[in-house]
Protein chains: 4
Amino acid sequence: MRAMVYHGPGQTALTDVRDPEMTDEADAIVRVEATTICGTDLRILAGEVSSVTPGRVLGHEAVGTVVDVGSAVRTVGPGDRVLVSAVSACGSCRYCRVARYGQCLGGGGWVLGRTFDGAQAEYVRVPFADTSAHRLPGGVADEEALMLSELLPAGYEVGVVRAGVWPGDVVVVIGSGPVGLAAMMTARLFSPSRIVAVDHASSRLGAAREFGADITVNNAVADPVPTVRQVSGGLGADVVIEAAGRPETIELALRLGRPGARIASVGLHGKPAALHLDEQLTSDITLTTGLADTSSVPALLRLLDSGQLDPRKLITHRFAFAEFEHAYDVFASSADTGALKVVLTP
Amino acid sequence: MRAMVYHGPGQTALTDVRDPEMTDEADAIVRVEATTICGTDLRILAGEVSSVTPGRVLGHEAVGTVVDVGSAVRTVGPGDRVLVSAVSACGSCRYCRVARYGQCLGGGGWVLGRTFDGAQAEYVRVPFADTSAHRLPGGVADEEALMLSELLPAGYEVGVVRAGVWPGDVVVVIGSGPVGLAAMMTARLFSPSRIVAVDHASSRLGAAREFGADITVNNAVADPVPTVRQVSGGLGADVVIEAAGRPETIELALRLGRPGARIASVGLHGKPAALHLDEQLTSDITLTTGLADTSSVPALLRLLDSGQLDPRKLITHRFAFAEFEHAYDVFASSADTGALKVVLTP
Amino acid sequence: MRAMVYHGPGQTALTDVRDPEMTDEADAIVRVEATTICGTDLRILAGEVSSVTPGRVLGHEAVGTVVDVGSAVRTVGPGDRVLVSAVSACGSCRYCRVARYGQCLGGGGWVLGRTFDGAQAEYVRVPFADTSAHRLPGGVADEEALMLSELLPAGYEVGVVRAGVWPGDVVVVIGSGPVGLAAMMTARLFSPSRIVAVDHASSRLGAAREFGADITVNNAVADPVPTVRQVSGGLGADVVIEAAGRPETIELALRLGRPGARIASVGLHGKPAALHLDEQLTSDITLTTGLADTSSVPALLRLLDSGQLDPRKLITHRFAFAEFEHAYDVFASSADTGALKVVLTP
Amino acid sequence: MRAMVYHGPGQTALTDVRDPEMTDEADAIVRVEATTICGTDLRILAGEVSSVTPGRVLGHEAVGTVVDVGSAVRTVGPGDRVLVSAVSACGSCRYCRVARYGQCLGGGGWVLGRTFDGAQAEYVRVPFADTSAHRLPGGVADEEALMLSELLPAGYEVGVVRAGVWPGDVVVVIGSGPVGLAAMMTARLFSPSRIVAVDHASSRLGAAREFGADITVNNAVADPVPTVRQVSGGLGADVVIEAAGRPETIELALRLGRPGARIASVGLHGKPAALHLDEQLTSDITLTTGLADTSSVPALLRLLDSGQLDPRKLITHRFAFAEFEHAYDVFASSADTGALKVVLTP
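These numbers come from a predicted model, not from an experiment. Numbers given for residues are sequential positions, taken from 1 along each chain in its written order. As they are written, the chains are lettered A onward and the ligands numbered 1 onward, keeping that order. Since the coordinates come from a predicted model, pLDDT governs what is reported: local features require at least 70, and pairs of side-chain atoms require 80 or more to be given and counted, while whole-chain, interface and lining totals use all residues. Side-chain metrics rest on all non-hydrogen atoms present in the structure, leaving aside hydrogens and water.

Q: I would appreciate a short explanation of the overall build of chain A in the present structure.
A: When you go through chain A residue by residue, the secondary structure sums to 12 helices and 17 strands. In terms of overall dimensions, chain A is globule-like: its C-alpha atoms have a radius of gyration of 20 Å, near the 20 Å expected for 346 residues. By the burial criterion, 63% of the 346 residues in chain A qualify as buried. A fraction of 69% describes how many contacts in chain A between residues 6 or more apart in sequence connect residues 24 or more apart. Approximately 11300 Å² of chain A is accessible, and the part contributed by carbon and sulfur atoms is 49%. Strands are runs of DSSP state E lasting at least two residues, helices are runs of H or I lasting at least four, and both sets are numbered from the N terminus onward. Based on C-alpha atoms, the radius of gyration is set beside the globule rule, defined as 2.2 Å times the residue count to the power 0.38. For every residue, the accessible area obtained with a 1.4 Å probe (protein chains only) is divided by the maximum for its type, and the residue is called buried under 20%, exposed over 50%, and partly exposed between those limits. Note on contacts: a residue pair is in contact if any heavy atoms of the two residues lie within 4.5 Å. All accessibility values rest on the Shrake-Rupley procedure with a 1.4 Å probe; residue burial counts only the protein chains present in the view.

Below you can see the structure in the form of structure tokens.
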């Protein structure tokens, strides 16, 4: 089959590889009908993810049809249309038992396109299929389900739910890339009184308004503190979701929260940030970090199925599998192309 | 001043009474600019509330302007436009310390229009003004704030919050009177996948659809169980809010919930219901009852102020104070008049 | 092998049956080294549990050694000493994903000794072994682990945790049979200020004092309300755990709680109880019912291993397998024999 | 009266000052019968707390008898024995309404001995007496109640409760000064499987064992990571309470927690710490900071009253008021004197 293969830093190419085979009775083989590229794939390509070795098929998000299952698989079978989660779950370790699949100790977690061959391919082997693939309701389109493989759960679980957004809250989201937009869209599920989007690129703030931001601040030209204070009765935000991943954005998050604020970091950080406990100690802050578990997928699927959530507006570009290399270029140049999510279909 | 006075069962009349005077340093006197009638007022009128004695000025919901405050009042002062909560709070007892004002042990709770003269009058004395009156943001209209004196908090706190409505849930609301409609409207704040309204009057179910119900079932003509099963993958509802107050509706609520369901009773019950623990024991149910605390008023006011909640559609009739007796008739005949909330203004 | 077999109402006998065989790749076969009898087994024997048909090997609690596992089993293997949970868990259904194994939709739940042959036998087949058997730490004795198959989790999860016992609470436990005693012992883990045990048999109240009750009330001779009021500043209990299973005990539970009380029913109820919503409505009660999930087993095992919990005092009698029929008699006559838990070993 | 007065950096002395007078109808005047010195007082003395100006009477912890109350005070009166909380609460601001008194916006919070004259005096004026003084049960001794003015609530609320200690958890407490010991003592209320105390002074680790630590590690001589891993099945601690207040201890806390750990900082930090989000991001950590609210005082008083908690072992030295200056010296030299809490009585 054809698949996007990592051949070392800076080198990825659509390559002929052998079809995946089942190696465990809990596996399923899925024919990929829609897949996408994640910011993490760009980090792999940049050589920043040391656990990915040359020869690896990339990709951890897919929707497709089951073509084969191992003998221990009970919940999906050949012909089933499924969402493949970016996070595999053994289902029985300490973390899986409390639905923290991202921390799976039994061989799961983020393995697809990292330590296992991934989903940017015609076929993908899905480990622990009973807990890692979700049968799709009839009314849910491939594209919208695909946004649930990782992106929406990341913004929702690691941002919105961990921060405890509540009706009436003032919520700040720092960073208006795909994860930040997913956080805004799913923060709306809890009816905050205001969502303030902060980014240093005006083009991204335009998108933010479409994804639920009531107010936008370009922090390249203005300090967001006065705006946030003004809409929060002088106190500061109830919740800050940090989705930009830089030391200065986590420090900004801490400055924007009111005493008692919940601050959730969803951004991928490459460097340590200073934690001003000397100043923040007295502020009753709660700061959370983490990985998507995709434990929210069943609930999010119900929201798709009932038409209450439409993540398709995250999709800016669509390509055929044959154009995969070009799709990487478009996605990597998002500042110029405006790419949020690109969808690849056979 | 003129006030609606309870003169004994079946007898209430617009009567000349003395203006209220402050009797405690924590009191405020408020000039009433909008008030309304509650189903409980009809129960008082029917002689069913023994704590209300003849001569009492009725009413526990008001919006108005502070004209005087006691020397211990810090947070509101003359000229402030305020929402008067139906629930007064001493602020220091064990229950008030955890924001369960409805259970206040220090002289508060539901006292207005019950053991204290109430708000269906030109002026009302508000006890514990610091904790029982809320200054209104400039952009919030009297009428919409008035719905927060008791009705929206009842549906929201006792129904939606206590039942823990969560994004993607299937929610059933039994009873489409004002409290049931308030529950539907505020359940929407948490983005359930479906709200199913159940009532035995078709006219009320029409209103339910306007307040957020996706599906309605007239249980005078059809058992709602199959419908609820069908929209919940065969399991039953995640949440049932019982807002009808009859033994058979609480029993229906227990039948409609899935194993693990949270069932919140908001209805006023006049008779005991049978609790089929022999059948329900194995169902992991959680059943809650209770009183509004109005602890959610600040958050709901923020939602009004940001335009995310519009409770004015609960208001079906408007009258001048002089028409108060007629307003009672219209409200009491809601089956004929379609009255939900009637608003009285000077 | 020899096993206790249900031969119809009133008839159970130690019988020669075929050894169990694996029928699924997720199964394990465990050699039973300690087992016990549950009150539910007596109900089966009385013919009250219609899902149990003649020929069934009884028993759902065991500790033993794995002798064989199916090819899909990852976490336990031959030679491992394991605790067999009374509740089997498929691990991937909606309920298992949130650790509510008692409601498993995928073929688990309480199946051992009910719809599958059980653990009162030399060998038992354990379905879904990865999620339904727990490897034992070296320092934990068979007998103490056995109390975690169902009894302690029932008192702890369905009683203590669901009711939310909190440091400083006044806790009432109604019923001082094995489940009530398990609730008292595990309520102590949260340091309530007082535990009040209520039972109508003085002998049981003596046991209650050994399991953590500070105060006991024989409700055959005295109304417990004044005592509970007195130790709770006049308010009523913060938490009531109902472990007696009669209509009058659930009604007593509702009377003993303070406004805002959490009331957890752990008792097995054979008849409906009256729910006085007309009186309780205004009391902000939360009433929960349910089944043990045994989701707490890993935490309870850590407490056994560190010596912070000693459930062996629940064991009043010990027998060899050959004496199984006599053990049933002793257990069934607990009023005379004082039996709490009887342990059977080869 | 005689009182300990701050006369500028390094200068504090027992000084004659005027008796306090009520300035607000919500005030109470309390005759101090026991008071103590806090680490914060030493920071004031070192000139590090800029909000404290010369002439201020120090001290924020007291037990005594009410001698006078303002006209708005309802819950305490002359002759009542009371605990004076270190945290005053207006009772009606946004934070007080949710029992976060430490963040009071209405004139409370930590004011005693900081911006108001304090409790190291014969008499103290207590603002907002209804919410800031607690009547003592008859059986509770002055000394033990005094430990609830701030110390136990700090360890319990900011450490144990905010971190969510749960039965069976492995808990690490870094720092074995008074706050760390209070955290250990109150962590025991939730029955962790193990408490590991980490400190760089062996003498303090001896105390730790008396306050509930099962295992101690002197991190001046050994890295605590292997020990914590070993008692936690290789994973790391469930909860880390950081009570030492240095950048390296917060970084150690982050290293000691397992993925998903809850880390509560109770220490007073003078400098920023590095937050290794680049490494910790993937670890699902929750980090909390904060101030004591003393909202737990009623529950802790119930535990004292029922004899389930004995904080008197925190008291190492007792002095008469006349020896106040000496008491400061003893407390400031705790490394030599072994002082934990010193109690001063008339």
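Q: What is the right way to look at the relation of the copies chain A and chain D in this model?
A: These two copies of the chain differ by a rotation about an axis and a displacement along the same axis. In superposing the copies, a least-squares fit is computed on C-alpha atoms, taking residues whose pLDDT is at least 70 in both. If you rotate chain A by 180 degrees and push it 0.0 Å along the axis, it lands on chain D with an RMSD of 0.0 Å. The symmetry that links the two subunits is that of a two-fold axis. Interface overlap between copies is the fraction of interface residues in one copy that are interface residues in the other; for chain A against chain D it reaches 100%, indicating a shared surface.

Q: Quick question: what am I supposed to make of the pairing of strand β17 (residues 341-345) of chain A here?
A: Looking down a regular strand, the side chains alternate between one sheet face and the other. Residue and element names in this part refer to chain A. Among the five residues of β17, four are classified as buried, and the element is accordingly described as predominantly covered. Sheet analysis places strand β3 (residues 28-36) next to β17, joined by two bridges and oriented antiparallel. Bridge pairing in β17 places T36 opposite V343. Two strands are counted as paired when DSSP detects at least two bridges linking them. One ladder, built from five bridges, connects strand β16 (residues 315-320) with β17; its direction is parallel. The partner of A320 across the bridge, within β17, is T345.

Q: Just checking my understanding: could you explain the interface of chain B and chain D for this structure?
A: Many authors give the size of an interface as the accessible area that is lost as the parts come together. In this complex, chain B contributes 19 residues to the contact, which on the side of chain D involves 19 residues. In short, buried area is how much 1.4 Å probe accessible area vanishes from two parts on joining, totalled over both. Of the roughly 1500 Å² buried where chain B meets chain D, counting both sides, 37% is carbon and sulfur surface. One side-chain nitrogen of Lys or Arg within 4 Å of one carboxyl oxygen of Asp or Glu is enough to make a salt bridge. Linking chain B with chain D are two salt bridges. Here D:R74 and B:D24 are joined by a salt bridge, their closest N and O atoms 2.7 Å apart.

Q: How should I be thinking about a nonpolar patch on the surface in this particular structure?
A: Patch membership requires over 30% relative accessible area and the absence of a salt bridge. Like charges are linked within 9 Å, and nonpolar side chains (Val, Leu, Ile, Met, Phe, Trp, Tyr) within 5 Å. Taken together, the side chains of A:V161, A:W166, B:V161 and B:W166 present a nonpolar region at the surface, about 320 Å² in accessible area. Here A:W166 shows up in the loop between α4 (151-163) and β9 (170-174).

Q: Explain the interface of chain A and chain D to me, please; I cannot follow it from the model alone.
A: Taken residue by residue, the interface counts 37 residues in chain A and 37 residues in chain D. Here chain A meets chain D over a buried area of about 3200 Å², counting both sides, of which 56% is carbon and sulfur. In this structure, the connection of chain A to chain D is made through six salt bridges. A salt bridge links D:D284 to A:R100, with the shortest nitrogen-to-oxygen separation between them at 3.0 Å. Between N or O atoms, a polar contact is any pair within 3.5 Å; within protein, one atom must be a potential hydrogen donor and the other a potential acceptor, and residues adjacent in sequence are included only when both atoms are from side chains. Here chain A is connected to chain D by 17 residue pairs in polar contact (both at pLDDT 80 or more). Every element with two or more residues in the side of chain A that touches chain D is listed here: β13 (257-265), β14 (273-275), α9 (277-280) and β15 (286-288) of chain A. Partitioning the side of chain A that touches chain D into residue classes produces 15 nonpolar, 13 polar and nine charged. In this sheet, strand β13 (residues 273-275) of chain D lies alongside β14(A) in antiparallel orientation, the contact comprising three bridges. The residue of β13(D) that forms the bridge with A:A273 is D:L275. Residues are grouped as follows: nonpolar covers Ala, Val, Leu, Ile, Met, Phe, Trp, Tyr, Cys and Pro; charged covers Asp, Glu, Lys and Arg; every other residue, Gly included, is treated as polar.

Q: What is the right way to read the packing of helix α4 (residues 151-163) of chain C against helix α5 (residues 178-187) of chain C from this model?
A: Angle between the axes and distance between the axes: these two values describe a pair of packed helices. Residue and element names in this part refer to chain C. Between N-to-C directions, angles cover 0 to 180 degrees, with each direction set by a line fitted to C-alpha atoms, over the stretch in contact for helices. For the pair α4 and α5, interaxial distance at closest approach is 8 Å and the crossing angle is 65 degrees. By the angle between their directions, the pair α4 and α5 is classed as roughly perpendicular. The interaxial crossing formed by α4 with α5 has right-handed handedness. Across from L151, L152, G155, Y156 and V160 in α4, the residues of α5 making contact are P178, V179, A182, A183, M185, T186 and A187. Working rule for angles: under 35 degrees goes down as roughly parallel, over 145 as roughly antiparallel, 65 to 115 as roughly perpendicular, anything else as oblique. Crossing handedness is read from the near helix: turned anticlockwise from the far helix by less than a right angle, it gives a left-handed crossing, and turned clockwise, a right-handed one.

Q: How should the sheet that holds strand β10 (residues 215-218) of chain B be read in this particular structure?
A: Two orientations exist for strands paired in a sheet by backbone hydrogen bonds: parallel and antiparallel. Read from one edge to the other, the open sheet built from 12 strands follows the order β10(B)-β9(B)-β8(B)-β11(B)-β12(B)-β14(B)-β14(C)-β12(C)-β11(C)-β8(C)-β9(C)-β10(C), with strand pairing classed as mixed. In the strand order of this sheet, the two ends are held by β10 of chain B together with β10 (215-218) of chain C, each with one partner. Going from strand to strand, the sheet's axes swing by 20 degrees on average, the running direction of each strand aside. By the bridge criterion, three bridges tie strand β14 (residues 286-288) of chain B to strand β14 (residues 286-288) of chain C in an arrangement that is antiparallel. From the neighbouring strand, B:T286 faces β14(C), where its bridge partner is C:T288. Its contacts with the sheet place α4(C) against β11 (237-242), β12 (257-265) and β14 of chain C, and it is angled at close to 160 degrees to β12(C).

Q: Just to check I follow, could you spell out the packing of aromatic side chains for this structure?
A: Two descriptors summarise a pair of aromatic rings, namely the distance from one centre to the other and the angle between the planes of the rings. Each Phe, Tyr or Trp ring (for Trp, its six-membered ring) is paired with any other whose centre lies within 6.5 Å, and the angle between the two planes then decides the class: stacked below 30 degrees, edge-to-face above 60, tilted in between. Scanning the entire structure with this criterion turns up 18 aromatic pairs over all chains. Where A:W166 meets B:F190, the ring centres are 5.0 Å apart and the plane angle is 65 degrees; that geometry is what we call edge-to-face. In this pair, A:W166 is assigned in the loop between α4 and β9 and B:F190 in the loop between α5 (178-187) and β9 (194-199), connecting two distinct chains. Of the aromatic side chains, those joined through ring pairs into one cluster are A:Y156, A:W166, A:F190, B:Y156, B:W166 and B:F190.

Q: Whenever I open this one, the sheet that holds strand β1 (residues 2-6) of chain A confuses me. Can you help?
A: Residue and element names in this part refer to chain A. Here we have three strands laid out as an open sheet, ordered β2-β1-β4, and antiparallel in their pairing. Two strands close off the open sheet at either side, each with one partner strand: β2 (12-16) and β4 (56-57). Alignment of β1 against β4, held across two bridges, turns out to be antiparallel. In the strand pairing of β4, Y6 is matched with R56.

Q: Just to check I follow, could you spell out the pairing of strand β2 (residues 12-16) of chain B for this structure?
A: All names here are of chain B. Pairing of strand β1 (residues 2-6) with β2, which is carried by five bridges, proceeds in the antiparallel orientation. Along β2, the bridge assignment pairs Y6 with T12. The hairpin turn running from β1 into β2, its antiparallel successor, is five residues long, and G8 in that turn takes a positive phi close to 120 degrees.

Q: I keep staring at helix α10 (residues 297-305) of chain B and nothing clicks. Help me out?
A: Counting along an α-helix, one turn takes 3.6 residues, and residues three or four places apart therefore face a common direction. All names here are of chain B. Listed in full, the buried residues belonging to α10 are V297, A299, L300, L301, L303 and L304. Contacts made by the buried residues of α10 are with β5 (81-84), β7 (133-135), α3 (142-146) and α4 (151-163). Positive backbone phi, approximately 75 degrees, marks G307, located one or two places after α10.

Q: Explanation requested: the domain arrangement of chain A in the structure shown.
A: All names here are of chain A. Where each domain starts and ends follows an automatic or database-derived domain assignment. Partitioning chain A into domains gives domain 1 (2-150 + 293-345) and domain 2 (153-288). Computed over C-alpha atoms only, the centres of domain 1 and domain 2 are separated by 28 Å. Facing 20 residues of domain 1, the contacting portion of domain 2 comprises 13 residues. On the domain 1 side of the contact with domain 2, K313, L314 and L340 bury the most area, a combined 32% of that side's loss. Counting across the domain 1 and domain 2 interface gives one salt bridge. Note that R162 and D293 form a salt bridge whose closest N and O atoms lie 3.5 Å from each other. Where domain 1 touches domain 2, the interface holds six residue pairs in polar contact (both at pLDDT 80 or more).

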